[in-house]
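The residues making up each chain are set out below.
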Amino acid sequence: MKNPRQTGHGPRGASRPLDRYAVFGNPVAHSRSPQIHAAFARATGERLRYEPRLAPLDGFAEAVRQFISGREGCAKGANVTAPFKEEAFRLADERTPRALVAGAVNTLCFQDGRILGDNTDGAGLARDITENLAFSAAGGRILLLGAGGAARGVVEALLAFSPAALVIANRGADKAKALASAFAGERLAPRGMGFAALAGEPAFDLVINATSASLAGEALPLPDGIFAAESLAYDLMYGKGETPFLAQARKGGAARRADGLGMLVEQAAESFFVWRGKRPEAATRRSLMRQLRDT
Ligand code: ATR
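Residues numbered from 1 in each chain as written. Predicted model: local features only at pLDDT ≥ 70, side-chain atom pairs only at ≥ 80, totals over all residues. Heavy atoms only, no water.

**Some points on the environment of proline 202**
Relative to the helices and strands, proline 202 is located in the loop between strand 9 (191-194) and strand 10 (204-209). Each C-alpha atom, one on proline 202 and one on glycine 225, is 7.8 Å from the other, the two residues being 23 residues apart in sequence. (Helix = DSSP H or I, 4+ residues; strand = E, 2+ residues; numbered from the N terminus.)

Below, the structure is given as structure tokens:
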């Protein structure tokens, strides 16, 4: 018979099976999450393994089940990225209030045979804006561009800034109006409109791009005058160099501009906290942002 310590399944310390985590997506090879969570684990002294998992477009639920029933180590949780966040929402047995509001799940916890679904995207965006960028939108005017899944996921966090106005603008105006009306019962009712209708609006203090236009390298058909002089323009997308939206914001006069790399690290830190009960320190998170920016 094998000594349990030699098999890596011993009861204590380093010989205990590793807790396992994964990120599911398609594609997933580009994901920075394995690098981010490995750095968080090192910084907090947590023993875990985190791996990318490519799920077939028609096989997300099956891929998650396979991961959970894997015999190596103990599957504790997962992140979910495009295009599976809505499917992850449906797969979960229980959902947190913030996942219910977002209608999407980016963080799964596996507990006692059940799947819990959470969403850390809004919290990640809020922390990046308020702490890393030290920007306050309280009492200001916020413009959210886009009305798809990414936009829905951050509306609640934007309302929590207590702005004076939240406008949701989309290429398809009906979709913007529908998203706005889904939050009509909140303390501040957002307004939805098409891009052209922005021409009649006063300038905005915070402008968030949640469309996927930057992915296609396209600029948005925005009227002049939407960026207030001291405004922050924030693109949920990130990539090498300036995104098309941030170039547009620079030309439009936005004093401050940020891409979604900070949000990426902060939503990961929030997932890590949900799983491990430990939040990587600000210095760790920021040095990771710099490292990711350089690679
Ligand atoms: P995601 O999960 O990234 O939000 P999505 O739900 O497909 O993806 O939503 C994509 C968003 O980007 C939508 O708001 C879409 O606008 P439409 O509803 O009018 O299609 C927006 N979008 C995508 N490409 C765009 C482009 N080239 N110009 C403007 N908006 C664009």
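From this point on, the discussion continues.
**Some details on the site of the ligand**
Taken together, the neighbourhood of the ligand is formed by 14 residues, with Ala147, Ala150, Asn170, Arg171 and Glu218 sitting nearest. Between the ligand and glycine 172 there is a distance of 3.0 Å, counted from an oxygen atom to a backbone nitrogen or oxygen. Contact with the protein chains hides 70% of the accessible area of the ligand, taken as 640 Å² for the molecule alone. Broken down by class, the residue content of the shell around the ligand amounts to 4 nonpolar, 7 polar and 3 charged. (Near = heavy atom within 4 Å. Polar contact = N/O pair within 3.5 Å; in protein donor to acceptor, adjacent residues only side chain to side chain. Areas by Shrake-Rupley, 256 points an atom, 1.4 Å probe, with all protein chains shown as cover. Nonpolar A, V, L, I, M, F, W, Y, C, P; charged D, E, K, R; others polar.)

**A word on the domain arrangement of the protein chain**
Once the domains are mapped, the protein chain shows domain 1 (11-119 + 263-294) and domain 2 (123-259). The centre of domain 1, based on its C-alpha atoms, is set 27 Å off from the matching centre of domain 2. Roughly 1400 Å² is buried in total at the junction of domain 1 and domain 2, and carbon and sulfur atoms are behind 51% of that figure. Contact with domain 2 buries area across many residues of domain 1, yet Val101, Met263 and Glu266 alone supply 40% of it, more than any other trio. Seen at the junction of domain 1 and domain 2, the total is 2 salt bridges. (Domains from an automatic or database assignment. Buried area = accessible area lost by both parts, 1.4 Å probe. Salt bridge = Lys/Arg side-chain N within 4 Å of Asp/Glu carboxyl O.)

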